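Inside the fold
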Amino acid sequence: TQLLEQSPQFLSIQEGENLTVYCNSSSVFSSLQWYRQEPGEGPVLLVTVVTGGEVKKLKRLTFQFGDARKDSSLHITAAQPGDTGLYLCAGRSDMRFGAGTRLTVKP
Amino acid sequence: NAGVTQTPKFQVLKTGQSMTLQCAQDMNHEYMSWYRQDPGMGLRLIHYSVGAGITDQGEVPNGYNVSRSTTEDFPLRLLSAAPSQTSVYFCASSTGTSNEKLFFGSGTQLSVL
């Protein structure tokens, strides 16, 4: 069992602020995925990271996979209200998800 | 393109009742799975299937049955509902189990009284 711990559990910030959320495990993952979920909907894939040390950018979102492939981070620059949602990381090899970070961006 | 379709959207059951949550996908995906989502616990895998005729248990399979008679459909059965099964259920599909994107349905909110 590869457990994924996400932090913080909740995050409330003002529009324009930067933030980083984390996904950590004691196990090595072949790949990690980040999803965003909005109320009443299923999660939607943001990115898949595969290589240790890999950095991927998606507009204002920057994803990093740890060198040892045990952890990942998501950094959002200049957050906007549209970024509000539940951010979930998932270890793709065993299809398990972390509990998520619930982000609220206030206008 | 409908993607992954779940029905019903909402359901209320009494303890001991049975029901089937429906999931259908039109993307010819081999892999399908069921998750339940509870506050503070993220998504937990109930059962999954890597192709028609093949199913396997996830981390929380007790109280649930599945079958996969066709590529398109993957129903989840609750034989005798319990209040602990109150949750939001999501069906997902993908082309495979390694790195591929999971496509999720919009969920079924189930309450067991």
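Residues numbered from 1 in each chain as written. Chains lettered and ligands numbered in written order. Predicted model: local features only at pLDDT ≥ 70, side-chain atom pairs only at ≥ 80, totals over all residues. Heavy atoms only, no water.

**A closer look at the overall build of chain A**
The secondary structure content of chain A amounts to 0 helices and 11 strands. Relative to its length of 107 residues, chain A is compact, with a C-alpha radius of gyration of 13 Å against a globular reference of 13 Å. Principal-axis analysis of the C-alpha atoms gives chain A an extent of 40 × 25 × 20 Å. When burial is assessed residue by residue, chain A has 48% of its 107 residues classed as buried. Taking as baseline every contact in chain A between residues at least 6 positions apart, the subset at least 24 positions apart corresponds to 52%. One way to put it: in chain A the 11 positive side-chain charges average out to a point 3 Å from where the 10 negative ones average out. (Helix = DSSP H or I, 4+ residues; strand = E, 2+ residues; numbered from the N terminus. Rg over C-alpha atoms; globule rule 2.2 N^0.38 Å. Buried < 20%, exposed > 50% of the residue type's maximum accessible area, 1.4 Å probe, protein only. Contact = heavy atoms within 4.5 Å. Lys, Arg positive; Asp, Glu negative; His and termini not counted. Charge placed at Lys NZ, Arg CZ, Asp CG, Glu CD.)

**With respect to the interface of chain B and chain A**
Between chain B and chain A, the contact holds 23 residues from the first and 21 residues from the second. When chain B packs against chain A, close to 1,600 Å² is buried across both sides, 53% of that on carbon and sulfur atoms. Inspection of the chain B/chain A interface yields 1 salt bridge. Note that Arg96 of chain A and Glu59 of chain B form a salt bridge whose closest N and O atoms lie 3.0 Å from each other. For the pair chain B and chain A, the number of links is 6 residue pairs in polar contact (both at pLDDT 80 or more). (Buried area = accessible area lost by both parts, 1.4 Å probe. Salt bridge = Lys/Arg side-chain N within 4 Å of Asp/Glu carboxyl O. Polar contact = N/O pair within 3.5 Å; in protein donor to acceptor, adjacent residues only side chain to side chain.)

**Points about the sheet that holds strand E6 (residues 55–58) of chain A**
All names here are of chain A. Across the sheet, 5 strands lie side by side as E1-E3-E8-E7-E6; this open sheet has antiparallel pairing. The outermost strands of the open sheet, each flanked by one partner alone, are strand E1 (5–7) and E6. Recorded for the sheet is a direction-independent mean angle of 15° between the axes of neighbouring strands. Inspection of the sheet shows E1 paired to strand E3 (residues 19–24) by 3 bridges, in the antiparallel sense. For Gln6, the partnering residue across the bridge sits in E3 and is Cys23. (Pairing = 2+ DSSP bridges. Axes fitted to C-alpha atoms, helices over the stretch in contact; angles between N-to-C directions.)

**A few points about the state of the cysteines**
Residues and elements named next belong to chain B. On inspection of all chains with the given rule, the structure shows 2 disulfides over all chains. Bridging Cys23 to Cys91, the disulfide has an S-S length of 1.9 Å. In this structure the cystine formed by Cys23 and Cys91 twists about its S-S bond by roughly -70°; its chirality is therefore left-handed. One end of the pair, Cys23, is in strand E3 (residues 19–25); the other, Cys91, is in strand E9 (residues 87–94), with 68 residues separating them in the sequence. Judged by relative accessible area, which is 1%, Cys23 ranks as buried. A residue is classified by how much of its surface remains accessible, and Cys91, at 0% relative accessible area, is buried. (Disulfide = S-S within 2.5 Å.)

**Description of the environment of Pro107 of chain A**
Residues and elements named next belong to chain A. If you trace the backbone, Pro107 turns up in the segment after strand E11 (101–106). Each C-alpha atom, one on Pro107 and one on Gly85, is 14 Å from the other, the two residues being 22 residues apart in sequence. Setting aside its immediate chain neighbours within four residues, Pro107 contacts Gln14, Glu15 and Pro81.

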